[in-house]
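Examination of the molecular architecture
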Amino acid sequence: MTQDSGLKTKDSKIRCSWATSDPLYIKYHDEEWGKPVYDDKILFEFLILEGAQAGLSWITILRRRENYRKAFAGFDVKKVAAFTEKDVERLMNDEGIIRNRLKVNSAITNAKLFIEIQKEFDSFSKYMWSFVPDGKPIQNRIEKMGDVPPRTELSDRISKDMKKRGFKFFGTTICYAHMQATGMVNDHLLNCCAR
């Protein structure tokens, strides 16, 4: 078996090869990645985390997730939307998160826009899932990780709409990663234990 077609870990389960042997990655892979999310608070959390991840590895962000939770008011979108310049400076001095001023400011901007979408669509979840045919997760038939696209026409469309609304750090590649993380698309390998 090639690593690209799955990885057998210590517990003898076959997982997507990116899950590695890191317990944090395995837990995330098995319990969250690819599982449909309809809760706005969790969708907002992933919006913040995916934006922070731009240009970095996901494990880098996953290891800082609890720090992000503390720094960003438990991912309470209304609290984050109300952050001031003083909060930006506090975040820029927080060694537990990625201290990139553009990413920090975009998280606050995106929180405000997230609330606007909630008002327009009743929830951010309804907005996001409205892009997916029949509002059901797309079940891709992935035989090897090399088959997973970095973006799709659908992620292009969602990203374009969100950019038009003013969202930052949500290009098509980040959008597709968000879709995978929140189960809008299932890209687990066909032989993966978490499928």
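Quick look at the structure, then. The model shown is predicted, which means the values in this text are computed figures rather than measured ones. Residue numbers restart at each chain and count upward from 1, following the sequence in its written direction. Given that the model is predicted, a residue must reach a pLDDT of at least 70 before its local features are reported, and side-chain atom pairs must reach 80 or more before they are shown or counted; all residues, however, enter totals for whole chains, interfaces and linings. Hydrogens are left out, water is left out, and the side-chain values use all remaining heavy atoms of the structure.

1. Comments concerning the pattern of salt bridges
Should a side-chain nitrogen of Lys or Arg be within 4 Å of a carboxyl oxygen of Asp or Glu, the pair is scored as a salt bridge. What the rule picks out here adds up to 16 salt bridges. A salt bridge links Arg165 to Glu120; the nearest nitrogen and oxygen atoms lie 2.9 Å apart. One end of the pair, Arg165, is in the loop between helix H9 (153–164) and helix H10 (172–181); the other, Glu120, is in helix H7 (residues 101–121), and 45 residues separate them in sequence. Buried, partly exposed and exposed residues are distinguished by accessible area as a fraction of the type maximum, computed with a 1.4 Å probe on protein chains only: under 20%, between the cut-offs, and over 50%, respectively. Arg165 sits in the partly exposed class, given a relative accessible area of 28%. Its salt-bridge partner being Asp147, residue Lys144 comes within 3.0 Å of it at the nearest N-O pair. Secondary structure is summarised from DSSP: a helix means a run of H or I of at least four residues, a strand means a run of E of at least two, and numbering begins at the N terminus for each.

2. A few points about the nonpolar core
The nonpolar core is taken to be a set of buried Ala, Val, Leu, Ile, Met, Phe, Trp, Tyr and Cys residues, with the residues joined through side-chain atoms within 4.5 Å. In this structure, Phe44, Tyr68, Phe72, Phe124, Ile158 and Met162 are the most contacted members of the largest nonpolar core, which totals 62 residues. Top contributing element to this core by residue count: H7, with eight residues. Not counting residues within four places of it along the chain, the set of residues in contact with Phe72 comprises Ile48, Val80, Phe83, Leu91, Ile97 and Ala107. Should any heavy atoms of two residues lie within 4.5 Å, those residues are counted as being in contact.

3. Thoughts on the packing of helix H6 (residues 85–92) against H7
What counts as an axis is a line fitted to C-alpha atoms, over the stretch in contact for a helix, and the angles between N-to-C directions run from 0 to 180 degrees. Two elements in contact, H6 and H7, have axes separated by 10 Å at closest approach and are oriented at 135°. With respect to H7, the element H6 is oriented oblique. Our pair here, H6 against H7, has a crossing hand that is right-handed. For the pair H6 and H7, the contacting residues are Glu85, Val88, Glu89, Leu91 and Met92 in the first and Arg101, Val104, Asn105 and Ile108 in the second. Residue classes follow a fixed rule: Ala, Val, Leu, Ile, Met, Phe, Trp, Tyr, Cys and Pro count as nonpolar, while Asp, Glu, Lys and Arg count as charged, and any other residue, Gly among them, counts as polar. Split into classes, the residues belonging to the contact of H6 with H7 amount to five nonpolar, one polar and three charged. To sort the angles, those under 35 degrees are grouped as roughly parallel, those over 145 as roughly antiparallel, those from 65 to 115 as roughly perpendicular, and the leftovers as oblique. The crossing is said to be left-handed when, going from far helix to near helix, the turn is anticlockwise and less than a right angle, and right-handed when the turn is clockwise.

4. Here's the deal with the side chain of Gln53
Considering the arrangement of structural elements, one finds Gln53 in helix H2 (residues 40–53). The exposure class assigned to Gln53 is buried, which follows from its relative accessible area of 15%. Polar contacts here mean pairs of N or O atoms no more than 3.5 Å apart (in protein, one a potential hydrogen donor and the other a potential acceptor; neighbouring residues in sequence count only if both atoms are side-chain atoms). At 2.5 Å, the side chain of Gln53 and the backbone oxygen of Leu56 are in polar contact. Sequence-distant contacts of Gln53, defined by excluding residues within four places in its chain, comprise Trp58, Ile61 and Lys103.

5. What about empty space enclosed by the protein?
Lining residues are those with an atom within 4 Å of a point, where the points come from a 1 Å grid over the protein atoms alone and group into cavities, where a 1.4 Å probe fits but cannot get out, or pockets, open sets with protein on both sides within 12 Å along at least five of seven lines. Grid points are joined across faces, edges and corners, and a volume is the space filled by probe spheres set on the points. Applying the stated criterion across every chain, the model contains one cavity of 30 Å³ or more. Looking at the largest cavity, its volume works out to about 110 Å³. Surrounding the largest cavity, 16 residues form its lining, Ile48, Ala52, Lys103, Ser106 and Ala107 being those nearest its centre. Among the elements of the structure, H2 and H7 are those that each provide at least two residues to the lining of the largest cavity. A per-element tally of the lining of the largest cavity places H7 first, with five residues. Partitioned by chemical class, the residues of the lining of the largest cavity number 10 nonpolar, four polar and two charged.

6. Some thoughts on the layout of surface pockets
In this structure, the largest pocket encloses a volume near 410 Å³. In terms of lining, the largest pocket is formed by 20 residues, of which the most central are Trp33, Trp58, Val148, Ala177 and Gln180. Broken down by element, the residue count for the lining of the largest pocket peaks at six residues, all from H10. Its residues assigned to classes, the lining of the largest pocket shows 15 nonpolar, four polar and one charged.

No statement about biological role is implied by the geometric values presented.
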